[in-house]
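# Architecture at a glance
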Amino acid sequence: MKRNDLLRELANLTKYQILLQARKDICSVNILDNNRDFSKIQISFINWLQFYQFLRQEVSMDEVSDIVLIDDVYADAYYFWRRKKYREWLEKNYNKKRKEPSVHALNISHSRGHR
Amino acid sequence: MENVREKVEKIQEDLKKNIDLSQMEQLIKDNKISFDYKEKSYRVRLLNLKEKQELLRFQTRKENEMREEGIFKYETVLIPELKKAGIDIEGINKKIKNLQREEEKINLQLGEALKEQKPLEIVQPMHDSIIQIQDEKQALVIEKSVRLATSLENQLLDATITYIVYLSLEIKNEKNEYIKVFETYEKMLETIDGELIKKAVSYSTLLQYETE
């Protein structure tokens, strides 16, 4: 039994993942028609885009299998576990409480080589 | 605030059940949502600053009116009354919290198993347990929202969403310009076309309310 949300399915499409990467590399590439005054559903969509970008990086580095890209329950569980591990790492290394890491923060830690 | 989230989630879930991926793509493309209804083109859009201020005045006025009328009760009053009638909202909240804790526990186990790339025979049962917990939780959330549907908070939220529709629902005229559908809020309430309002409410909540 697979459980997927449409908005997440859209954010996980290769087309949008390519656009997200292109947006970072070439500023003139737009994912949405508007580039300010985002609606709430657009904000959720952008958040999911980053979420799936993070998962795709994890899959590409063989940290986890691609099962997380085809089922929301697996995606959430892996991300939840990964966030907890990141928080523990932060507390251990900085010995103070940090605010809950966002998808963006996890992406940064990822690029810095934290496991 | 929890009730707001639950109510908005319900409206959004109902909408999502009736659309496909390409329609969803249209909904996120812009900060306005256009739709056709009875061969006419409509749209809902984000509120501007002036409209947001008007909405806030409406909410405050409406809440004062409701409090003075005394028909609807705040949840702090309603919940103990329901308990006396044998409906335990606090008990439902407790069950929801316990299920959340259980879900988090299994999520951590499943996340670790996924990291270790354990076989499907190991991860699948955890996956199915999570789905079962989510379904149980959803049933409780629905039960709670049905029981509290007449609370002042919920009635105020209904009125607020309807007022947002009044402020932001527009129709395309013969000059291809979008103009307001209803001149006044009262005129909108008098309309017999509930289906148009229902559609506009669904789309407006996608624009204005965040649930995740």
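Residues numbered from 1 in each chain as written. Chains lettered and ligands numbered in written order. Predicted model: local features only at pLDDT ≥ 70, side-chain atom pairs only at ≥ 80, totals over all residues.

## Some points on the overall build of chain A
- Secondary structure assignment for chain A yields 5 helices and 0 strands.
- Ordered by position from N to C terminus, the α and β elements of chain A give α-α-α-α-α.
- Put simply, chain A has 115 residues, and 26% of those count as buried.
- Taking contacts inside chain A between residues at least 6 apart in sequence as the whole, the part at least 24 apart equals 57%. (Helix = DSSP H or I, 4+ residues; strand = E, 2+ residues; numbered from the N terminus. Buried ≥ 20, exposed ≤ 12 C-beta atoms within 10 Å, placed from the backbone. Contact = placed C-beta atoms within 7 Å.)

## Section: the overall build of chain B
- Assigned secondary structure in chain B consists of 9 helices and 4 strands.
- Walking chain B from its N terminus toward its C terminus, one meets helices and strands in the order α-α-β-β-α-α-α-α-α-β-β-α-α.
- Its C-alpha atoms put chain B at 60 × 50 × 30 Å along the principal axes.
- Looking at chain B as a whole, 22% of its 212 residues are labelled buried.
- A sequence separation of at least 24 residues applies to 71% of the contacts in chain B between residues at least 6 apart.

## Focus: the interface of chain A and chain B
- On the chain B side, the residues contacting the 31 residues of chain A number 28 residues.
- Of all elements in the fold, only α1 (6-11), α3 (40-60) and α4 (72-94) of chain A reach the threshold of two or more residues within the side of chain A that touches chain B.
- Ranked by residues supplied to the side of chain A that touches chain B, first place goes to α4 of chain A with 9 residues.
- Residue composition of the side of chain A that touches chain B, grouped by class: 17 nonpolar, 5 polar and 9 charged. (Nonpolar A, V, L, I, M, F, W, Y, C, P; charged D, E, K, R; others polar.)

## A few points about the sheet that holds strand β4 (residues 178-180) of chain B
All names here are of chain B.
- Here 4 strands make up an open sheet; going across it, the order is β1-β2-β3-β4 and the pairing antiparallel. On the outer flanks of this sheet lie β1 (32-37) and β4, each paired with one strand and no other. Across the sheet, the mean angle from the axis of one strand to that of its neighbour is 35 degrees, orientation sign disregarded.
- Pairing of β1 with strand β2 (residues 40-45), which is carried by 6 bridges, proceeds in the antiparallel orientation. Across the sheet, Lys32 pairs through a bridge with Arg45, a residue of β2.
- Packed onto the sheet, helix α9 (residues 194-208) meets β1 and β2 and runs at close to 165 degrees relative to β1. (Pairing = 2+ DSSP bridges. Axes fitted to C-alpha atoms, helices over the stretch in contact; angles between N-to-C directions.)

## Side note on the nonpolar core
- Ranked by internal contacts, the top residues of the largest apolar core, which has 47 residues, are Ala11, Phe45 and Tyr78 of chain A together with Leu114 of chain B.
- Among the elements that make up this core, the one with the highest residue count is α3 of chain A (8 residues).
- Each of domain 1 (1-71 + 164-212) and domain 2 (73-149) of chain B contributes no fewer than three residues to this core.
- Ignoring anything within four residues of it in the chain, the contact list for Phe45 of chain A reads Leu7, Leu10 and Ala11 of chain A together with Ile28 of chain B. (Core = buried A, V, L, I, M, F, W, Y, C linked by C-beta atoms within 7 Å. Domains from an automatic or database assignment.)

## Observations regarding the environment of Ala200 of chain B
Residue and element names in this part refer to chain B.
- Position of Ala200 among the secondary structure elements: in helix α9.
- Among the residues examined, Ala200 registers 26 C-beta atoms within 10 Å and is labelled buried.
- Separated by 30 residues in the primary sequence, Ala200 and Glu170 have C-alpha atoms spaced 9.8 Å apart.
- Filtering out sequence-adjacent residues up to four positions away, Ala200 remains in contact with Val44, Val165 and Leu169.

## Points about the pairing of β2 of chain B
- Here 2 bridges tie β2 of chain B to strand β3 (residues 170-172) of chain B, and the two strands are oriented antiparallel to one another. Bridge pairing in β3 of chain B links Tyr42 of chain B to Ile171 of chain B.

## Observations regarding the packing of helix α3 (residues 49-69) of chain B against helix α7 (residues 152-168) of chain B
Residue and element names in this part refer to chain B.
- Viewed as axis vectors pointing N to C, α3 and α7 meet at an angle of 145 degrees, and their least axial separation amounts to 10 Å. Handedness of the α3/α7 crossing: right-handed. Where α3 abuts α7, its residues Glu51, Glu54, Leu55, Phe58, Gln59, Lys62, Glu63 and Met66 lie against Leu152, Gln155, Leu156, Ala159, Thr160, Tyr163, Ile164 and Leu167.
- Among the residues making up the contact of α3 with α7, the classes are represented as 9 nonpolar, 3 polar and 4 charged. (Left-handed = near helix turned anticlockwise from the far one by under 90°.)

## Digging into unusual backbone geometry
- Even without being a glycine, Asp37 of chain A presents a positive backbone phi close to 50 degrees.
- Along the chain, Asp37 of chain A falls in the loop between α2 (14-25) and α3.
- In this model, Glu39 of chain B sits at a positive phi of 60 degrees, which is unusual for a non-glycine residue.
- Looking at the secondary structure, you find Glu39 of chain B in the loop between β1 and β2.
- Note on Glu39 of chain B: 5 C-beta atoms within 10 Å, which makes it exposed.

Spatial relationships are all this shows, so hold off on functional conclusions.
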